[in-house]
Amino acid sequence: MSAVTMEEIRAAAGRIAGIARRTPVWRSNSFDRQAGVATFFKCENLQKGGAFKIRGAVNFLRSIPEADRAKGVVAFSSGNHAQAVAIAAQALGMKATIVMPDDAPKSKLAATRARGAEIVVHDRHTESREAIAQGIADATGATIVPPFDHPWIVAGAGTCALELMEEVADLDALVVCLGGGGLLSGSAIAAKALNPAIRVFGVEPAVANDYWLSLQKGERVQIASPPTIADGLRTTKPGALN
């Protein structure tokens, strides 16, 4: 896979326009007082699907060759990526099949179904979601849309930081939630291209610290499915691309 460039992030911004929202940047005086710094929040909670994932999903689906789009897409996710792929597929008139864990939040299961996606449930502790998705793709010819580990996903996710830094140009640090690493990767590429001196931090739950452990060991470390309420950050191994 090729490295993602700033040019590809800018191109992704054009592809996602009209489906993904350009979310607002908000301030919090009370947070600033407690933190002792000036902070700016990129409100992806107001994005379609309630998370940044729609950015990568739309960029990915719009990058699929036209001849393959009629075969549909298949994705695996505990909720946020699932909803994003379902929203993107519905907007582009494509069939979507989503592999989701049986313990995913009911609200996310319902929201994904409401977007017209077909859901296949699995046991995250005993079954491989990747294997199930691959089996569906092999049987139908659908394109697999990975949740984070692909250049099209990373480039789409990077549009979030691009928008933020277009609005707040003098940031000296960027703090990014860290699950699979797609958002952090794309954000770091965009942020460093616009401001080489900026510091970029990835933040993951203490019990879902696969990236921290991997950095300490110098290789990708896999952990058990972590018991965290942050279901979108329950990844078990860093992506090969990130």
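Heads up: the structure comes first, above all this text.
Worth saying up front: this structure is predicted, and the values here are computed from it rather than measured. (Residues numbered from 1 in each chain as written. Predicted model: local features only at pLDDT ≥ 70, side-chain atom pairs only at ≥ 80, totals over all residues. Heavy atoms only, no water.)

1. Considerations on the packing of aromatic side chains
Inspection of every chain in the model, using the stated rule, returns two aromatic pairs. Of note, R27 hangs over the ring of F40, and the distance from its end group to the ring centre comes to 4.2 Å. (Phe/Tyr/Trp six-rings, centres within 6.5 Å; stacked < 30°, edge-to-face > 60°. Lys NZ or Arg CZ within 6 Å of the ring centre and 35° of its normal.)

2. Overview of the sheet that holds strand β5 (residues 118-122)
Across the sheet, which stays open at both edges, the four strands sit in the order β5-β4-β3-β6 with parallel pairing between neighbours. Across the chains shown, the open sheet's two edge strands, defined by having one partner strand only, are β5 and β6 (143-144). Pairing of strand β4 (residues 96-101) with β5 involves five bridges; the strand directions are parallel. Pairing of V99 across the sheet is with V120, part of β5. Most of the contacts of helix α6 (residues 106-114) go to β4, to which it runs at about 170 degrees, and overall it touches β4 and β5. Along the sheet, helix α7 (residues 129-140) contacts β3 (73-76), β4, β5 and β6; its crossing angle with β3, the most-contacted strand, is approximately 175 degrees. (Pairing = 2+ DSSP bridges. Helix = DSSP H or I, 4+ residues; strand = E, 2+ residues; numbered from the N terminus. Contact = heavy atoms within 4.5 Å. Axes fitted to C-alpha atoms, helices over the stretch in contact; angles between N-to-C directions.)

3. Some thoughts on the packing of helix α3 (residues 53-63) against helix α8 (residues 151-167)
Where α3 contacts α8, the two axes come as close as 7 Å, and the packing angle between them is 135 degrees. When the interaxial angle is binned, α3 and α8 end up oblique. At the point where α3 passes α8, the crossing takes the right-handed sense. Contact residues: α3 offers R55, G56, A57, N59, F60 and S63, while α8 offers W152, I153, A155, G156, A157, T159, C160 and E163. (Parallel < 35°, antiparallel > 145°, perpendicular 65-115°, else oblique. Left-handed = near helix turned anticlockwise from the far one by under 90°.)

4. A short note on the packing of helix α1 (residues 6-16) against α3
How two helices pack is summed up by the angle between their axes together with the distance between the axes. For the pair α1 and α3, interaxial distance at closest approach is 9 Å and the crossing angle is 90 degrees. Taken as axis vectors, α1 and α3 run roughly perpendicular relative to one another. Each of A12, R15 and I16 in α1 lies in contact with α3, whose residues at this interface are R55, V58, N59, R62 and S63.

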